[in-house]
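Coordinates in review
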Amino acid sequence: MRSGASVRTTKKLWDTMLQYKYFYLMVLPVIVWYALFAYAPMYGVTLAFKTFDYNGGILGSPWIGLEHFQKIWTDADFHTAFKNTIVISLMKLLINFPMPIFLAILLNEFSRNTAKRFFQTVLTFPHFISWVVLAGIITDMLSRDGVVNQFIMALGFESISPLTDKESFRPLLYITHMWREVGWDSIIYLAALAGINPELYEAAEIDGANRFKRLLHIAWPGIKSTVAILLILHVGQLLSQGASFEQIFNLYSSPVYSVADVVDTYIYRTSFQIGGDFGYMTAAGLIKSVISLVLLVLANTIVKRMGEEGLY
């Protein structure tokens, strides 16, 4: 039998939901999208423990236990792809995560809103161009007879080929990712900076604080919690968004597979181009997802111990 306190809590919850019913209705499409496209397909994870049978489908395929995981343990190609995923993701995190923060702080220092909006629009625009289009532009520019090589050779230097060179392909990934995303990622930091009370800046200026001290004692504490939350989210997506499938898949080629083939591209190539075992590839993806979950929990724990709120 439910206690009086439990009944009152439930009634209060329903009253709150009725009061904000239109907000809940706005969230409903998002919940439906996640239910249909994120949670419902998760039953396919069982393929990691099965041998896929075309006649039986996912549910009718026979169970084989941990056989796929044992094969992954001895697969040199998967180890290479996993190592590339870790390296590329970590480097992107180290290089590209601080850049939007610096950009937001820099734009926030603009006294003229027109100049701020102009630079923000220019820097945000590349985010809306797909990697398919960008990869075509980059390939044309950096090909042997592209604009960049023609200019370099006109100056008397040898042509370069970063798209097929193992040494320069990863830096190309970092630079192009930064160019596309730095403006977009800075928006949330600009919003956090805009939420700081302007009177704090005025009071600090009257007290003689220069721009660096205002940044150190007002702006940074104002956006620190936002930086912490976004850092947790970036670490949680380190092995997926960090090693972006769209970017790498559209830019790389066989000469740079050894330094650019990440887990997602390896799964795609093996499954749909070479013709691999779907169960084996599902096991590879499951390993990546479990590691991402561990990284998310670890990052959240570290951030909370540093005095921030964290995700939960």
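That block above? That's the structure.
Position labels on residues start from 1 in each chain and follow its written sequence. With pLDDT at 70 or above as the cut-off, local features in this predicted model cover only qualifying residues; side-chain atom pairs require 80 or more to be listed or tallied, and sums for whole chains, interfaces and linings still use all residues. Note: side-chain values were computed over all heavy atoms of the structure, leaving out hydrogens and water.

Topic: the nonpolar core
Rule in force here: In this description, a nonpolar core means a group of buried Ala, Val, Leu, Ile, Met, Phe, Trp, Tyr and Cys residues linked to one another through side-chain atoms lying within 4.5 Å. Relative accessibility thresholds used throughout: buried, under 20% of the residue-type maximum; exposed, over 50%; partly exposed, between the two (1.4 Å probe, protein chains only). In this description a helix means any DSSP run of H or I spanning at least four residues, a strand means any run of E spanning at least two, and both kinds are numbered starting from the N terminus. Contact between two residues is taken to exist if any of their heavy atoms lie within 4.5 Å; hydrogens are not considered.
Core analysis: the biggest nonpolar cluster contains 27 residues, and Phe97, Ile101, Tyr189, Leu193, Tyr201, Ile223 and Val227 have the highest contact counts within it. With eight residues, the top contributor of residues to this core is helix H12 (residues 211-236). Beyond its immediate sequence surroundings of up to four residues, Val227 is in contact with Phe97, Ile101, Tyr189 and Trp220. Counting 16 residues, the second-largest nonpolar core is a separate cluster that includes Ile138, Leu172, Tyr174 and Tyr252.

Some details on the environment of Tyr280
We apply this condition: Polar contacts, as counted here, are pairs of nitrogen or oxygen atoms within 3.5 Å of one another; within protein the pair requires one atom able to donate a hydrogen and one able to accept it, and residues that are adjacent in sequence qualify only if both atoms are side-chain atoms.
Summarising the element assignment, Tyr280 is placed in helix H17 (residues 278-305). For Tyr280, a relative accessible area of 6% translates into the label buried. Linking Tyr280 and Lys21, residues 259 residues apart in sequence, is a C-alpha distance of 45 Å. Other than its neighbours up to four places away in sequence, Tyr280 contacts His68, Lys71, Ile72, Asp75, Phe78 and Tyr266. Among the polar contacts made by the side chain of Tyr280, one reaches the side chain of Asp75 at a distance of 2.3 Å.

A closer look at the packing of helix H6 (residues 98-108) against helix H10 (residues 166-194)
Formally: Here an axis means a line fitted to C-alpha atoms, over the contact stretch when the element is a helix, while the angle between two N-to-C directions is reported on a 0 to 180 degree scale. Relative orientations are named as follows: roughly parallel for angles under 35 degrees, roughly antiparallel for angles over 145 degrees, roughly perpendicular for angles from 65 to 115 degrees, and oblique for any other angle. Take the far helix as the reference: if the near one is turned anticlockwise from it by less than a right angle, the crossing is left-handed, and if turned clockwise, right-handed. Here the term charged refers only to Asp, Glu, Lys and Arg, the term nonpolar to Ala, Val, Leu, Ile, Met, Phe, Trp, Tyr, Cys and Pro, and the term polar to all other amino acids, Gly among them.
Two numbers describe how H6 lies on H10: the axes approach to 7 Å, and their chain directions differ by 55°. Comparing their axes, H10 and H6 come out oblique. The chirality of how H6 crosses H10 is right-handed. Residues Met99, Pro100, Ile101, Leu103, Ala104, Ile105, Leu107 and Asn108 of H6 form the contact with H10, whose participating residues are Met178, Val182, Gly183, Asp185, Ser186, Tyr189, Leu190 and Leu193. Here the residues of the contact of H6 with H10 are counted per class, giving 12 nonpolar, three polar and one charged.

Let's talk about the pattern of salt bridges
Inclusion rule: Each salt bridge in this description consists of a side-chain nitrogen of Lys or Arg and a carboxyl oxygen of Asp or Glu lying within 4 Å of one another.
A complete count under the given rule lists five salt bridges for this structure. Across the salt bridge formed by Glu181 and Arg180, the nearest N and O atoms sit 2.5 Å from each other. Look at Glu181 and you get buried, because its relative accessible area is 10%. Owing to a relative accessible area of 11%, Arg180 belongs among the buried residues under this scheme.

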